[in-house]
Structures are given as structure tokens and as C-alpha cells.
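What follows is the residue order along each chain.
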Amino acid sequence: MMRSKKLFTLCAAASVLAFSSLGVSAQEKLYVYTSMKDSMLGELKKGFTKKHPEVKLDFQSAGAGKLMAKLAAERESGKILADILWTSEVPDFYQMKARGQLHPYIPAEIKSLIQPLPDYDGSFTAVRLGTLGIAYNTKRIKEAPKSWEDLKKPEYKGAFAIANPALSGTAYMSVALLAKQFGWTYFEALRANGAKMGKGSGQVVDDTSSGDLVASLGVDYIVLDKLDKGANLGFVFPQEMLVLPSPIAIIKGTQNESAAKKFVDFVLSKDGQQIIADEGTLPVRADVKNPERYKLPPADEAMKRAIKID
């Protein structure tokens, strides 16, 4: 009897060790390359990990240009670390699609999503609708600008800035859209009025808040975050809105395809989209609303007013 008990105990212990070992080896991993802001990523990680504790999620956060350079270097070396790419520079995704570098995936809740991409085929999916408007210093500008044309006025002379399009994906897309809508002569007129080029999207808004600039091209969540903290800023959207989809895509050849699909589905779920909306940017679901304090237009209205993307 004693021998049988010992044998049972040894077998039970061996089973526990085997299952424990299996759990460690079976844990999924996921590496997301993204240009989204840290506070948003932190909340998404918290929500995703709660729903999928079996996945170890990590982010590589940087500007879109730096992430693309990193991906190119990894591809050259033969070992790509990223499983997912999520930025706001839409042309990058079209180029990667053309090169066969993306793994198409239709999200589980595709029917609940607002679709800003007319040629959508699952190669990449918009996760949020980034909006850019005119951020202005309320101490230096007493009457809020109403149109893009207002930036040519004397009160903005030498003190309006746009982030460098070579460094910022949102600035790159914004310049392309404004040039499409108003022609390159619009930028020549801004230049004649002393408009400046800053470094990043955050920097030009910081300079507007401090009063070094009177106005700048402002990314929604960057401006709204500073407004929440009491900055001397106003924020307006002219009738012709800059609405930039932020696509997410699974990298072709990923060894963590199952985990990647889980993450894409989570950020597009109602819970994931509410996290994104709470951070001051438009969701891609009509059943998710931004907090009232942000005064953002509904996503469907923004899409109607948006300059069409070619």
C-alpha cells in the first residue's frame, strides 16, 4: 500500500511538472511596432492581457519613419521581430501590400466598423481615425480661426508651424491632403507668410502652448491631452477635415499568427475601441463615443467632411 501511494505521488508530481512546462512553452508572444502614444498603448495592453493572459504582449514605440527603417533592416538580416505594424502613414501599408509583405486578415467584427479605405481587402484595417485641426494659443489669438485660409492672415505671420513631413507620418499625410484640396500654391502662400517647419507633431503643439508659436497643425490626441492639463490652447476643425486612418496589419511570415489575430480583434472590439476613444481620437465603430469634453465630431460626420484620400 505504501509503495502504491509513493508511486501515485511521484506520478502526480510528474504530471504537474509536465503541464507546468507545457504552459510555459505554449505561451504565445506578440511584438507590435507602433507609433501610437504610450498612454493609449498602456491601457490597451492592460485590457488585452486581461482578456488574453496566454499572450505576452510587447510594444516597440517610435515614429513611423523609424519603424519602417527598422523593419527594412530586419528584413535585410533575414529575421523580422515584429508581428504587427500599426502607424498612421497609410502609404507605407500600400507599399508593403504591393511587395507581398503583409498577411491579410478580415477582423471578426468587420461589419461593425466604419470603413475609410475604399479598396479594403483585409491586407490592413483602420483602427482609428486620426484628426488634425488648427491648434492656437488663446492668449495670442483672440478670434479662433475658422478656415485653412485664415492661416495666411497677418496675425499668423512668422508664427504658424507644421511638423516635418519627413519625420511625422501624420504631417506627411496632412500636407498631401491639403495640397490635393487647395493646390501647392497654398503652401507657397503659407511660406510667404513666414510659416515654419517644426520637428515632431508634439513639438509644434508644445511651442504653440508656450506662445513661441501662435498656431500649429495639431494632432487630435496631442492637443486634447494638453487641454486636459490646462494649456492655453484652442482647437478647431475647418470644414474640410483632415481625417487619417491609422492602419494595423499582420506581418507576413510571423510565427505568432494566432496571437496577432487576437490583438487585431481586440483593438477593433467595443472594449478596445472605447480605450482608443477615451484617449482623444476617433474610433472606427459607430457604437463607441468619445468623451463629451473633447468636443470631437462623430466619426461618421468626420468622414463626410474629410478630404478624400487618393
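Scroll up a little and you will see the structure.
Presented here is an overview of the structure given in this document. Note that the structure is a prediction, hence the values are computed from the model and not measured.

Quick notes on the rules
- Residues numbered from 1 in each chain as written.
- Predicted model: local features only at pLDDT ≥ 70, side-chain atom pairs only at ≥ 80, totals over all residues.
- Heavy atoms only, no water.
- Salt bridge = Lys/Arg side-chain N within 4 Å of Asp/Glu carboxyl O.
- Helix = DSSP H or I, 4+ residues; strand = E, 2+ residues; numbered from the N terminus.
- 1 Å grid on protein atoms, 1.4 Å probe; cavity = no way out; pocket = protein on both sides within 12 Å on 5 of 7 lines; lining within 4 Å.
- Points joined across faces, edges and corners; volume = space filled by probe spheres on them.
- Nonpolar A, V, L, I, M, F, W, Y, C, P; charged D, E, K, R; others polar.
- Buried < 20%, exposed > 50% of the residue type's maximum accessible area, 1.4 Å probe, protein only.
- Pairing = 2+ DSSP bridges.
- Contact = heavy atoms within 4.5 Å.
- Axes fitted to C-alpha atoms, helices over the stretch in contact; angles between N-to-C directions.
- Left-handed = near helix turned anticlockwise from the far one by under 90°.

On inspection of all chains with the given rule, the structure shows 18 salt bridges. For the salt bridge of D150 with K153, the shortest nitrogen-to-oxygen distance reads 3.2 Å. When the shortest N-O distance is used, the salt bridge between K261 and E257 registers 2.8 Å. Here K261 and its partner E257 are both found in helix α9 (residues 257-267), 4 residues apart, which amounts to about one turn of the helix.

Over the atoms a probe the size of a water molecule is rolled, and this reveals where empty space is left. Evaluation of the coordinates by the stated rule reveals 2 cavities of 30 Å³ or more. Computed from the structure, the largest cavity encloses a volume of approximately 50 Å³. Every residue along the wall of the largest cavity is listed here: H103, Y105, G122, S123, F124, T125, I248, A249, I250 and V264. With 3 residues, the top contributor of residues to the lining of the largest cavity is strand β10 (residues 242-251). Residue composition of the lining of the largest cavity, by class: 6 nonpolar, 4 polar and no charged. Empty space within the second largest cavity amounts to approximately 40 Å³. Y94, K97, L117, D119, Y120, D121, G122, S123 and F124 together form the lining of the second largest cavity. Split by residue class, the lining of the second largest cavity holds 4 nonpolar, 2 polar and 3 charged.

Time to look at the pairing of strand β8 (residues 215-219). By the criterion of burial, β8 is predominantly enclosed, with 5 of the 5 residues buried. Where strand β5 (residues 125-137) lies against β8, 5 bridges are found, and the strand directions are antiparallel. The residue of β8 that forms the bridge with A135 is S216. One ladder, built from 2 bridges, connects strand β6 (residues 160-163) with β8; its direction is parallel. Looking at the pairing, F160 lines up with A215 of β8.

The next point concerns the environment of Y172. Mapping Y172 onto the fold places it in helix α5 (residues 169-182). Y172 sits in the partly exposed class, given a relative accessible area of 38%. Sequence-wise, Y172 and S88 are 84 residues apart; in three dimensions their C-alpha atoms are separated by 9.7 Å. Leaving out residues up to four positions away in the same chain, Y172 has contacts with E89, P91 and P165.

A separate point is unusual backbone geometry. Within the chain, K295 stands out as a residue other than glycine whose phi angle is a positive 55°. On the basis of relative accessible area, K295 is assigned to the exposed category, the value being 69%.

Looking now at the packing of helix α7 (residues 201-210) against helix α8 (residues 220-228). At their nearest, the axes of α7 and α8 sit 10 Å apart, and the two run at 35° to each other. The handedness of the crossing between α7 and α8 is right-handed. Here S201, G202, V205 and D206 of α7 lie close against α8, whose contacting residues are I222, V223 and K226. When grouped by side-chain class, the residues that make up the contact of α7 with α8 number 3 nonpolar, 2 polar and 2 charged.

Glancing now at the pairing of β10. Within β10, 10 of the 10 residues are buried, leaving the element largely enclosed by the surrounding structure. Bridge count between strand β3 (residues 84-86) and β10: 3 bridges; the pairing is antiparallel. When the sheet's bridge partners are listed, L85 is paired in β10 with A249. In the sheet, strand β4 (residues 102-103) pairs with β10 via 2 bridges, with the strands oriented antiparallel. Counted as the bridge partner of H103 is I250 from β10. Note: β5 against β10, 7 bridges, orientation antiparallel. Residue T131 lies in a different strand from β10, and its bridge partner there is V243.

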